Amino acid sequence: MRQRMKLPTAKRQPTAKRQPTAKRQPAAKRQPTAKRQPTAKRQPTAKRRPTAKRQPTAKQQPTAKRQPAVRSKPRLARRSRPRSRSQVRLRSATELSPRYPIHTGTIFPPLQQTVSAILSVQNEEDSIGEVLNELEKLQVDEIIVILNGCTDRSYDIARQHETVKIVHYADPIGHDVGRAIGAKLSTSDILLFVDGDIPISANALMSFIYAVHRGIDVALNDISPFISTFDRRDNLTRCKEFLNRSLGRSDLTVNSMTAVPHALSRRAIEIIGYDNLMVPPKAQAIAMLKGLKIELVGSVNVIERNKVRKSNVGHVNPVAQMIIGDHLEAIRQAMNLIGNRLSLPDHSRKRIAANRNGI
């Protein structure tokens, strides 16, 4: 084995010595600051004058003790209270919010057109007398009372009014059919429809007559202020609004010819037809499709004052089911006249393209 030769390494050069640093110069001494001048002494303030003593106030007389408030009896539920003639209260003119002004006097000016009041009654002996008294204040040309299936004293009370024309049916025929019969028998230019279970003041009823006298064909009662929000409405109320919106009258909201009071012109009666008056939603649909003038005239709360019967109590009751069926019939009638889409726009691209291409 060869041995490696060690080469001599170069010697390190000695490092240069550090130069000594310069000594720091001593800092200059601070000059003494000038002494502050003594501040002037504050002048003594003038002494305040003593305030006048307050005169003693007169002693307050002891207040009389409040009499304990008499607690009223808790209000019973609407449906559990009995309805009697003394409990039926007329709706005053100040409680309404009509779009047409209400006549506030006791004497109504004569109209150039004749007026008929049509009243449908079914066992309304507690209220029919007050309803007829208010109608007689209007000085209408004729009052037609349709008694359908009455078993109480409604007929005897109606006979006490000499100006009333009475049509009696032994079996119940329904309020809508009774109104259609009364319209068929009437001969006046303006027809006012009311029910026998809700007395309404003559001043409030006159607003509906004035509206038709001024050119409105269908004057409806606006019950929307007394309806709750959409999520709390029942199926019947939603059907009413759907029909109005489907026919391009969203301004009518939930209002319909199913609610009284409402008034029609003779022109509206002839265009709608007497048979269609038996189905109020159908009659209203025809009126909208034929271009009749329909407006909301006044607001009379007939919802809370409607007479409670076995047929109209409960979430699902026979009366509500019947009126829903009437609205379905009205929608079918409108579809037959203007098409399945009614007045609702069609936003489907396929159908729009098919119609454009003639497919």
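A quick note: this is a predicted structure, and the numbers were derived from the prediction, not measured.

Novice: Can you walk me through helix 5 (residues 235-246) in this structure?
Specialist: Side chains three or four residues apart in an α-helix point the same way, a direct result of the helix having 3.6 residues per turn. Its twelve residues place the ends of helix 5 16 Å apart at the C-alpha level, agreeing with the 16 Å of an ideal helix rising 1.5 Å per residue. By the burial criterion, the buried members of helix 5 are Leu236, Thr237, Lys240, Glu241, Leu243, Asn244 and Ser246. Buried-residue contacts for helix 5 involve helix 7 (280-289) and helix 8 (318-338). Positioned one or two residues after helix 5, glycine 248 has a phi angle of 80°, which is positive.

Novice: Would you explain the side chain of serine 127 in this entry?
Specialist: Checked against the element boundaries, serine 127 lands in the loop between strand 1 (115-121) and helix 1 (128-137). Ignoring sequence-local partners within four residues, the contact set of serine 127 consists of Gly196, Asp197 and Pro199.

Novice: I tried to follow the sheet that holds strand 5 (residues 218-221) on my own but got confused; where do I start?
Specialist: Within a sheet, adjacent strands bond to each other through the backbone by hydrogen bonds, running parallel or antiparallel. Here we have seven strands laid out as an open sheet, ordered 3-2-1-4-6-5-7, and mixed in their pairing. On the outer flanks of this sheet lie strand 3 (164-169) and strand 7 (294-298), each paired with one strand and no other. With direction set aside, neighbouring strand axes in the sheet form an average angle of 20°. Two strands pair when backbone bridges link them, and strand 4 (residues 190-195) and strand 6 (residues 262-265) are joined in this way by four bridges, in the antiparallel orientation. Across the sheet, the residue bridging to phenylalanine 193 is histidine 262, located in strand 6. Here helix 4 (residues 202-213) sits on the sheet and contacts strand 1, strand 4, strand 5, strand 6 and strand 7; the angle it forms with strand 4, its principal contact strand, is near 155°.

About the criteria used
- Residues take numbers from 1 onward in each chain, read along the sequence in its written order.
- In view of the model being predicted, local features appear only for residues whose pLDDT reaches at least 70, and side-chain atom pairs are presented and counted only at 80 or more, with totals across whole chains, interfaces and linings using the full set of residues.
- Excluded from the side-chain calculation are hydrogens and water; included are all heavy atoms of the structure.
- By definition, any uninterrupted DSSP run of H or I lasting at least four residues is a helix, any uninterrupted run of E lasting at least two residues is a strand, and each is numbered from the N terminus.
- How far a helix is expected to stretch is found by multiplying one less than its residue total by 1.5 Å.
- In this scheme, a residue with accessible area under 20% of its type's maximum is buried, one over 50% is exposed, and one in between is partly exposed, where area comes from a 1.4 Å probe on protein chains only.
- Whether two residues are in contact is decided by their heavy atoms, any of which lying within 4.5 Å being enough.
- Strand pairing follows a simple DSSP-based rule, namely that at least 2 bridges must link the two strands.
- Note on definitions: angles span 0 to 180 degrees between N-to-C directions of axes, and those axes are lines fitted to C-alpha atoms, for helices only across the stretch in contact.

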